[in-house]
Amino acid sequence: MAGYDDRDGFIWMDDKLVEWRSAKVHILTHALHYASSVFEGERCYNGKIFKSSEHSERLRKSGELLDMPLPYSVAEINAAKEAVLKANNLSDAYVRALAWRGAGEDMGVASKRNPIRFAVAAWTWGNYYGDAKFKGAKLDIAKWRRPDPLTIPHAAKAAGLYMICTMSKHAAEAKGCSDAMMFDYRGYVAEATGANIFFVKGGEVYTPIPDAILNGITRQTVIGMLQSWGVKVNEVRIKPEDLEGFEQCWLTGTAAEVTPVGQIGDYTFEVGELTRKVSTEYEKLVRA
């Protein structure tokens, strides 16, 4: 399969569509050295991006949190995404919107004089966890923890915050796992490397309070679904020892969608009725 830099198609860069292979940046781009970039991952179903404006709003908010306000409105970001889908003739796709500090007059930590650049790409992307979506993903337990919110802007979907996620996922894959579950800086259950996590016990749902993790758009959507069904959702601090008592588990995220979890470390879970219902109904919702 061709690499992501060697494909046919078009990418939106700084107000215009460019040929895929020509979408390049300079080696002294500030973001490449200092992680001054934010992004969104979105999915398009049947020609419609699910919650497109919510993603665009979060992208702008992430930029503000990194002191790099985007020079694009929500409407302009939405229009760029639509243009990319149309140019590439895609109706079912993954959409990646990205903003970053480019090359400019500054090459130290500070970068106020460097331009804020913007791009959108889209491609066909199947199940993020492969067949784990049907039989339940196997998760490792990461040695790295999500940082204290006083050390990072945890509400931003910022590229730099994914460094420990990459290392954790690499370690998990080396053990034959699909992903890794991370604890937060206090030792409570936090999330997987790119997805929020939910558990079921006694007919009720439990999920970590998003005070040190990203409050995912898919997470919020699923909580709303559960509450509309009359299922009690408990946003709580989940200790490592609590894992033993949970019966079901699933992950949520734009790429992951709703993925059942069958195992985390030595703890096992059934792909139960509620998990299957959430997955099925989410699939219906995004295609409605």
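Below is a summary of the structure that appears in this document. (Residues numbered from 1 in each chain as written. Predicted model: local features only at pLDDT ≥ 70, side-chain atom pairs only at ≥ 80, totals over all residues. Heavy atoms only, no water.)

This part is about the sheet that holds strand β3 (residues 37-45). Here we have 6 strands laid out as an open sheet, ordered β2-β1-β6-β5-β3-β4, and antiparallel in their pairing. Taken across any chain shown, the strands that pair with only one partner, and hence form the sheet edges, are β2 (16-19) and β4 (48-49). Of the strand pairs in this sheet, strand β1 (residues 10-13) and strand β6 (residues 116-123) are connected by 2 bridges, and their pairing is antiparallel. Directly across from Trp12, in β6, lies its bridge partner Val120. (Pairing = 2+ DSSP bridges. Helix = DSSP H or I, 4+ residues; strand = E, 2+ residues; numbered from the N terminus.)

On to the pattern of salt bridges, then. What the rule picks out here adds up to 18 salt bridges. Close ionic contact of Asp6 with Arg21 constitutes a salt bridge, the shortest N to O distance being 2.7 Å. Of this pair, Asp6 sits in the segment before β1 while Arg21 sits in the loop between β2 and α1 (30-34); the two residues are 15 residues apart in sequence, bridging distant segments of the chain. In this structure Arg21 comes out as partly exposed when scored by relative accessible area, which is 31%. For Asp8, the salt bridge goes to Arg21, with nearest N and O atoms at 3.0 Å. In this pair, Asp8 is assigned in the segment before β1 and Arg21 in the loop between β2 and α1, connecting sequence segments 13 residues apart. Among the charged side chains, a network of salt bridges with common partners joins Asp6, Asp8, Glu19 and Arg21. (Salt bridge = Lys/Arg side-chain N within 4 Å of Asp/Glu carboxyl O. Buried < 20%, exposed > 50% of the residue type's maximum accessible area, 1.4 Å probe, protein only.)

Within the largest apolar cluster, 24 residues are counted, with the highest numbers of intra-cluster contacts made by Leu59, Leu85, Phe118 and Val120. If near-sequence neighbours (up to four positions away) are discounted, Leu85 is found in contact with Cys44, Ile49, Leu90, Ala93, Val95 and Ala122. Counting residues in hydrophobic clusters, the runner-up holds 20 residues, among them Ala195, Tyr206, Phe246 and Ala256. (Core = buried A, V, L, I, M, F, W, Y, C linked by side-chain atoms within 4.5 Å. Contact = heavy atoms within 4.5 Å.)

Where the residue is not glycine, phi is negative for most of them; where a peptide bond is considered, it is trans in most cases. Of note in the backbone geometry, Asp67 takes a positive phi value of approximately 60° without being a glycine. Looking at the secondary structure, you find Asp67 in the loop between α2 (52-65) and α3 (74-87).

A large share of strand β5 (residues 93-101) lies buried, amounting to 7 of its 9 residues. Alignment of β3 against β5, held across 8 bridges, turns out to be antiparallel. Across the sheet, residue Val38 finds its bridge partner in β5, namely Ala99. Where β5 meets β6, 8 bridges bridge the pair, whose relative direction is antiparallel. Directly across from Val95, in β6, lies its bridge partner Ala122.

Given two aromatic rings, one states the distance between the centres and the angle between the planes to describe the pair. Here the structure, examined in full by the defined rule, presents 12 aromatic pairs. Ring plane angle 85° and centroid distance 4.6 Å describe the contact between Tyr94 and Trp125, whose orientation is recorded as edge-to-face. Of the two residues, Tyr94 is situated in strand β5 and Trp125 in the loop between β6 and α4 (132-135); the sequence distance between them amounts to 31 residues. Residue classification places Tyr94 among the buried positions, given a relative accessible area of 4%. Here the aromatic rings of Phe199 and Phe246 are separated by 4.6 Å at their centres, their planes lie at 15°, and the arrangement is stacked. Placement of Phe199 in strand β10 (residues 196-201) and of Phe246 in the loop between β12 (233-236) and β13 (248-253) is noted, with a sequence separation of 47 residues between them. (Phe/Tyr/Trp six-rings, centres within 6.5 Å; stacked < 30°, edge-to-face > 60°.)

One can describe the packing of helix α6 (residues 217-228) onto helix α7 (residues 273-286) by two numbers: an axis separation of 11 Å at closest approach and a directional angle of 110°. In terms of orientation, α6 lies roughly perpendicular with respect to α7. Note that α6 runs across α7; the crossing there is right-handed. Between α6, through Thr218, Thr221, Val222, Met225 and Leu226, and α7, the contact on the second element is made entirely by Leu274, Val278, Glu281, Tyr282 and Leu285. Here the residues of the contact of α6 with α7 sort into 7 nonpolar, 2 polar and 1 charged. (Axes fitted to C-alpha atoms, helices over the stretch in contact; angles between N-to-C directions. Parallel < 35°, antiparallel > 145°, perpendicular 65-115°, else oblique. Left-handed = near helix turned anticlockwise from the far one by under 90°. Nonpolar A, V, L, I, M, F, W, Y, C, P; charged D, E, K, R; others polar.)

A few words now on the environment of Leu161. Relative to the helices and strands, Leu161 is located in the loop between β7 (137-146) and α5 (163-174). A residue is classified by how much of its surface remains accessible, and Leu161, at 13% relative accessible area, is buried. Distance in space between the C-alpha atoms of Leu161 and Glu105 is 25 Å, their sequence separation being 56 residues.

Right, let's get into a nonpolar patch on the surface. Together, Ile27, Leu28, Leu32, Tyr34, Met107 and Val109 make up a nonpolar patch on the protein surface, roughly 600 Å² of accessible area in all. Position of Leu28 among the secondary structure elements: in the loop between β2 and α1. Leu28 gets classed as partly exposed once you look at its relative accessible area, which sits at 40%. (Patch = residues over 30% accessible without salt bridge, like charges linked within 9 Å, V, L, I, M, F, W, Y side chains within 5 Å. Areas by Shrake-Rupley, 256 points an atom, 1.4 Å probe, with all protein chains shown as cover.)

In this fold, Arg219 is placed in helix α6. Within polar-contact distance, the side chain of Arg219 engages the side chain of Asn215 at 2.8 Å. Excluding anything up to four places from it in sequence, Arg219 contacts Asn196, Phe198, Thr207, Pro208, Pro210, Glu235 and Thr252. (Polar contact = N/O pair within 3.5 Å; in protein donor to acceptor, adjacent residues only side chain to side chain.)

The quantities given are spatial measurements derived from coordinates; they are silent on function.
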